[in-house]
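# Examination of the molecular architecture
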Amino acid sequence: MPAATTSTPDAKPAARRPAQAPSLRRRAACMLYEGVLLFGVLSASTALYLLARPALQRLGMDGKLAMQLWSFLVLGFYFVWFWQRNGQTLAMQTWRMRVETAAGVPPRWPQATARYLLAWLWLPPSAAVGHALGLVKGPFVGVLAAGLLIWILLAWLDPRRQFLHDRLAGTRLADLRPPKP
């Protein structure tokens, strides 16, 4: 029976082997693909927000940061839900990588939430530098992009090539491709 070959016992030895981290190039490609998918997620969530906006205005809850907070929460729910479900977002499934704990299983809600929040640690210092330099628009976005790039490149300093937010959250990215012979 074909179903027997994909049963849980066959998956256990793969979970026990040491997790190889995906290359930074593969992670960057996955992030770009994730951005394409998130465009749709954020478009749908913005449409919902705009439908609710009149009610939010009547309640006095439609301030300057309300839509940004809504988007942050929607993104958080998207990532945390996928990570705790099977360790993979849609883009991660395509690029054959997943988030897992040291035990080789997907993180539970609290750990996945911590990973999401810690993944934003690059933003405040980058924004502070941009504001301190008095930058706006394009140059400010350039400083943010540089901060994100530095955050990503910090994985090269880690012996297991993991992101800082993974180390802090107790998670890791694992490459799910079969090892090359």
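This text gives an overview of the structure that appears in the document. (Residues numbered from 1 in each chain as written. Predicted model: local features only at pLDDT ≥ 70, side-chain atom pairs only at ≥ 80, totals over all residues. Heavy atoms only, no water.)

### Comments concerning the overall build of the chain
Secondary structure assignment for the chain yields nine helices and two strands. Secondary structure elements of the chain, listed N to C terminal, follow the sequence α-α-α-α-α-β-α-α-α-α-β. Seen through its principal axes, the chain has C-alpha atoms that stretch 60 × 40 × 25 Å. Residue pairs at least 24 apart in sequence account for 64% of intrachain contacts in the chain once pairs closer than 6 positions are excluded. If you sum the accessible surface of the chain, you get close to 11,500 Å²; carbon and sulfur atoms cover 71% of it. In the chain, 21 positive and 7 negative side-chain charges are present, and the distance between their average locations comes to 2 Å. (Helix = DSSP H or I, 4+ residues; strand = E, 2+ residues; numbered from the N terminus. Contact = heavy atoms within 4.5 Å. Areas by Shrake-Rupley, 256 points an atom, 1.4 Å probe, with all protein chains shown as cover. Lys, Arg positive; Asp, Glu negative; His and termini not counted. Charge placed at Lys NZ, Arg CZ, Asp CG, Glu CD.)

### Observations concerning the packing of aromatic side chains
Under the definition given, this model contains ten aromatic pairs. Between tyrosine 78 and phenylalanine 79, the ring centres sit 5.1 Å apart and the planes meet at 85°, which makes this aromatic pair edge-to-face. Each member of the pair, tyrosine 78 together with phenylalanine 79, is buried. Arranged with centres 5.0 Å apart and planes meeting at 65°, the rings of tyrosine 78 and phenylalanine 82 form a pair that is edge-to-face. Taken together, the residues tyrosine 78 and phenylalanine 82, both in helix α4 (residues 66-86) and four residues apart, mark about one turn of the helix. Residue classification places tyrosine 78 among the buried positions, given a relative accessible area of 9%. Members of the aromatic cluster, joined through ring pairs, are Phe72, Tyr78, Phe79, Trp81, Phe82, Trp83, Tyr116, Trp120 and Trp122. Sitting over the ring of phenylalanine 163, arginine 27 keeps its end group 4.6 Å from the ring centre. Over the aromatic face of tryptophan 83 sits the side chain of arginine 115, whose NZ or CZ is 4.5 Å from the ring centroid. (Phe/Tyr/Trp six-rings, centres within 6.5 Å; stacked < 30°, edge-to-face > 60°. Buried < 20%, exposed > 50% of the residue type's maximum accessible area, 1.4 Å probe, protein only. Lys NZ or Arg CZ within 6 Å of the ring centre and 35° of its normal.)

### Let's talk about the side chain of threonine 101
Considering the arrangement of structural elements, one finds threonine 101 in strand β1 (residues 97-101). If sequence neighbours within four positions are ignored, threonine 101 has contacts with Pro106, Pro107, Gln111, Gly170 and Arg172.

### Remarks on unusual backbone geometry
A positive phi angle is found at lysine 137, which is not glycine, with a value near 50°. Position of lysine 137 among the secondary structure elements: in helix α8 (residues 137-153). The backbone of arginine 161 shows a phi angle near 60°, a positive value even though the residue is not glycine. Within the secondary structure layout, arginine 161 lies in the loop between α8 and α9 (164-169).

### Overview of the pairing of strand β2 (residues 171-175)
Burial analysis of β2 places five of its five residues in the buried class, the great majority of the element. Side chains Thr171, Leu173 and Asp175 of β2 all project onto a buried face; the interleaved residues Arg172 and Ala174 project onto the opposite face, where all are buried too. Of the pairings in the sheet, the one linking β1 to β2 comprises five bridges and is antiparallel in character. Looking at the pairing, threonine 101 lines up with threonine 171 of β2. (Pairing = 2+ DSSP bridges.)

### Focus: helix α3 (residues 24-58)
Over its 35 residues, α3 extends 47 Å from the first C-alpha to the last, a length consistent with the 51 Å expected when each residue adds 1.5 Å. Of all the bends in α3, the greatest reaches close to 50° and is centred on alanine 52; the proline proline 54 follows between one and four positions later. Every buried residue belonging to α3 is among Leu24, Arg26, Arg27, Cys30, Glu34, Leu38, Ser45, Tyr49 and Leu56, and all of these are buried. In this structure, the buried side of α3 is in contact with α4, α5 (90-94), β1, α8 and β2. (Expected span 1.5 Å × (residues − 1). Bend = angle between axes of the 7 residues up to and from the residue.)

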